[in-house]
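So the chains spell out like this:
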Amino acid sequence: MSLADKIRKAREVKVEVDTFTFTVRRPTDLEMIELQKQTAARAILPFIVDWSGVSELSMFDGGSPHPLPFDQEACAEWLEDRLDILSKIVKETFAAYQAHKAKIEQLTKN
């Protein structure tokens, strides 16, 4: 794992919604500036980097009940129609960003 990979990994947060757990990479300050051009829900989709507890059956009737490996495209397609889940992911991701900002502000005061 490269140093850049380690830095990105350190920005990951777990978001639990119902029986699902999503891993979301907290946006950087620069990314947050760029995201202001989009709705929060649409902006967060690319930052979802993993999941657990998700199956085809979670996504559509008649699907397989077996857990799926993470698929970014399928995740976005599914969550675009599940705003109940996506809104919780957005809320927790932005809370993680705000906590990071507060930590940085505290460090720069010293």
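Provided above is the structure to which this section pertains.
Draft legend 1. The arrangement of the packing of aromatic side chains in detail. Under the counting rule described, the total for this entry stands at five aromatic pairs. Taking the centre distance of 5.2 Å and the plane angle of 80 degrees together, the rings of tryptophan 51 and phenylalanine 70 count as edge-to-face. Taken together, the positions of tryptophan 51 in strand β3 (residues 48–52) and phenylalanine 70 in the loop between α4 (56–59) and α5 (72–79) put the pair 19 residues apart, joining distant regions of the chain. Ring pairing ties together the aromatic residues Phe20, Phe22, Trp51, Phe70 and Trp78, which thus form one cluster.

Draft legend 2. Seen up close, a negative patch on the surface. On the surface, Asp71, Glu73, Glu77 and Asp81 cluster together into a patch of negative charge. According to the relative accessible area criterion, aspartate 81 is exposed, its value standing at 69%.

Draft legend 3. Spatial organisation of the environment of aspartate 18. For aspartate 18, the position within the fold is in the loop between β1 (12–17) and β2 (20–25). When its relative accessible area of 56% is taken as the criterion, aspartate 18 is described as exposed. Along the backbone, aspartate 18 and glycine 53 are 35 residues apart, and their C-alpha atoms lie at a distance of 9.6 Å.

Draft legend 4. Seen up close, the pairing of β2. For β2, a buried count of five out of six residues is recorded, marking the element as mostly surrounded by other parts of the structure. Across six bridges, the pairing between β1 and β2 is antiparallel. If you follow lysine 14 over to β2, its bridge partner there is threonine 23. The hairpin formed by β1 and β2 contains two residues between the paired strands, and aspartate 18 there has a positive phi angle of roughly 55 degrees. Pairing of β2 with β3 involves four bridges; the strand directions are antiparallel. Within β3, the position partnered with phenylalanine 22 by the bridge is tryptophan 51.

Draft legend 5. Structural detail: α5. Within α5, the full set of buried residues consists of Cys75, Ala76, Trp78 and Leu79. Relative to the axis of α5, the buried residues are bounded by an arc of 165 degrees and lie together on one face. Pointing more than 90 degrees away from the buried face of α5 are the exposed residues Glu73 and Glu77. On the buried face of α5, the contacting elements are β2, β3, α4 and α6 (83–109). Measuring from the side-chain oxygen of the N-cap residue of α5 to the backbone nitrogen of glutamate 73 gives 3.0 Å; that N-cap residue is aspartate 71.

Draft legend 6. Up close: the side chain of serine 55. If you trace the backbone, serine 55 turns up in the loop between β3 and α4. Owing to a relative accessible area of 7%, serine 55 belongs among the buried residues under this scheme. Each residue touching serine 55, except ones within four places of it in the same chain, is listed here: Ser64, Pro65, His66, Pro67 and Leu68.

Each value, and the rule that gives it
- Residues numbered from 1 in each chain as written.
- Predicted model: local features only at pLDDT ≥ 70, side-chain atom pairs only at ≥ 80, totals over all residues.
- Heavy atoms only, no water.
- Phe/Tyr/Trp six-rings, centres within 6.5 Å; stacked < 30°, edge-to-face > 60°.
- Helix = DSSP H or I, 4+ residues; strand = E, 2+ residues; numbered from the N terminus.
- Patch = residues over 30% accessible without salt bridge, like charges linked within 9 Å, V, L, I, M, F, W, Y side chains within 5 Å.
- Areas by Shrake-Rupley, 256 points an atom, 1.4 Å probe, with all protein chains shown as cover.
- Salt bridge = Lys/Arg side-chain N within 4 Å of Asp/Glu carboxyl O.
- Lys, Arg positive; Asp, Glu negative; His and termini not counted.
- Charge placed at Lys NZ, Arg CZ, Asp CG, Glu CD.
- Buried < 20%, exposed > 50% of the residue type's maximum accessible area, 1.4 Å probe, protein only.
- Pairing = 2+ DSSP bridges.
- Arc of directions from axis to C-beta.
- Contact = heavy atoms within 4.5 Å.
- Polar contact = N/O pair within 3.5 Å; in protein donor to acceptor, adjacent residues only side chain to side chain.

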